[in-house]
Amino acid sequence: MVLLLFGPPGCGKGTQSRLITSWLKIPAISTGEMLRAEIQAGTALGQAAQSIMAGGGLVGDDLVNEMLLQRVSKPDCSPGFLLDGYPRTVEQAEYLDRVLDDLKMPPAVVLHLDVPNDALVGRMSSRRQCPKCSRVYNLLHQPPRVAGLCDDDATPLITRKDDREEVVRARLEMYDCLTRPVLAHYQHTDYFQIRGDRSPGYIFEEISGILEPRLGNVQQAMEAG
Ligand code: AMP
């Protein structure tokens, strides 16, 4: 099963991705996380992406598509995988269709977490992340057990540069003009719109209700692979 977790920045994709992939035992692939890792490692791709990301823009399709292809071609992706933050443009969606076709994987199931823009700005400015394990917290709804420290490894939490309010607004504009049209690309597929302005537990319950009837496919692919 290939899952696309769709939604504006700050809608809770990271949290749902963790819940879904630990339940289904499939890898979560976040192109944002992969790009941040490239920046940290100081690679050429990281250097090309750094200033674009800091300003809230989108990294070029060719760079992101190539990075995605390398990742989903790895053996751990053969039973399926979840994509978080990709595709973000119609070009990326068309590229992904070709990749899934080449890898003989079924068309993706699209889970769209929808949250009104006004709610998102507040949410993102209260977001904190662990720089070591990438776990995301929200000071309002999901604070760490000890203030300022990651529950899993006690690393001091940080505010991502692109979670500052002016950058958040730029990212939401980018989402509205470039990424919303991608949803039209998926209108004739397995597409589910889910209200994202609820607690993570309710959202996950709805998502697991959607996916459960489709799980036979994952099991078969795991047995075959
Ligand atoms: P995210 O962690 O998904 O919010 O992504 C953080 C930033 O990484 C975005 O604001 C973009 O600058 C960049 N990025 C992540 N995924 C993509 C993508 N699929 N296409 C282009 N840029 C991306």
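Notes on the structure follow. (Residues numbered from 1 in each chain as written. Predicted model: local features only at pLDDT ≥ 70, side-chain atom pairs only at ≥ 80, totals over all residues. Heavy atoms only, no water.)

## So, the site of the ligand
Lining the immediate surroundings of the ligand are 16 residues, of which Thr31, Gly57, Arg88, Gln92 and Arg171 lie closest. Here the ligand loses 96% of its free accessible area of 480 Å² to cover by the protein chains. When residues of the shell around the ligand are assigned to their parent elements, the largest contribution, four residues, is made by helix α2 (residues 31-41). Grouping the amino acids of the shell around the ligand by side-chain chemistry returns six nonpolar, five polar and five charged. (Near = heavy atom within 4 Å. Areas by Shrake-Rupley, 256 points an atom, 1.4 Å probe, with all protein chains shown as cover. Helix = DSSP H or I, 4+ residues; strand = E, 2+ residues; numbered from the N terminus. Nonpolar A, V, L, I, M, F, W, Y, C, P; charged D, E, K, R; others polar.)

## Quick word on a negative patch on the surface
Side chains of Glu91, Glu94, Asp97, Asp101 and Asp102 sit close together on the surface and give a patch of like negative charge. Mapping Asp102 onto the fold places it in helix α5 (residues 90-102). (Patch = residues over 30% accessible without salt bridge, like charges linked within 9 Å, V, L, I, M, F, W, Y side chains within 5 Å. Salt bridge = Lys/Arg side-chain N within 4 Å of Asp/Glu carboxyl O. Lys, Arg positive; Asp, Glu negative; His and termini not counted. Charge placed at Lys NZ, Arg CZ, Asp CG, Glu CD.)

## What about the side chain of Thr31?
Here Thr31 is to be found in helix α2. A relative accessible area of 3% places Thr31 in the buried class. Here the side chain of Thr31 touches Gly85 through a polar contact of 3.1 Å, landing on its backbone oxygen. For Thr31, the residues in contact, after removing those within four places along its chain, are Val64, Met67, Asp84, Gly85, Tyr86 and Arg88. (Buried < 20%, exposed > 50% of the residue type's maximum accessible area, 1.4 Å probe, protein only. Polar contact = N/O pair within 3.5 Å; in protein donor to acceptor, adjacent residues only side chain to side chain. Contact = heavy atoms within 4.5 Å.)

## What to know about the pattern of salt bridges
The full count for this structure, using the stated rule, is 15 salt bridges. With a closest N to O distance of 3.7 Å, Asp114 and Arg180 form a salt bridge. In this pair, Asp114 is assigned in strand β4 (residues 109-114) and Arg180 in helix α7 (residues 165-185), connecting sequence segments 66 residues apart. On the basis of relative accessible area, Arg180 is assigned to the partly exposed category, the value being 29%. When the shortest N-O distance is used, the salt bridge between Asp197 and Arg195 registers 3.1 Å. What emerges from the salt-bridge pattern is a single network uniting Arg127, Arg160, Asp162, Asp163 and Arg171.

The values are spatial; any link to function lies outside them.
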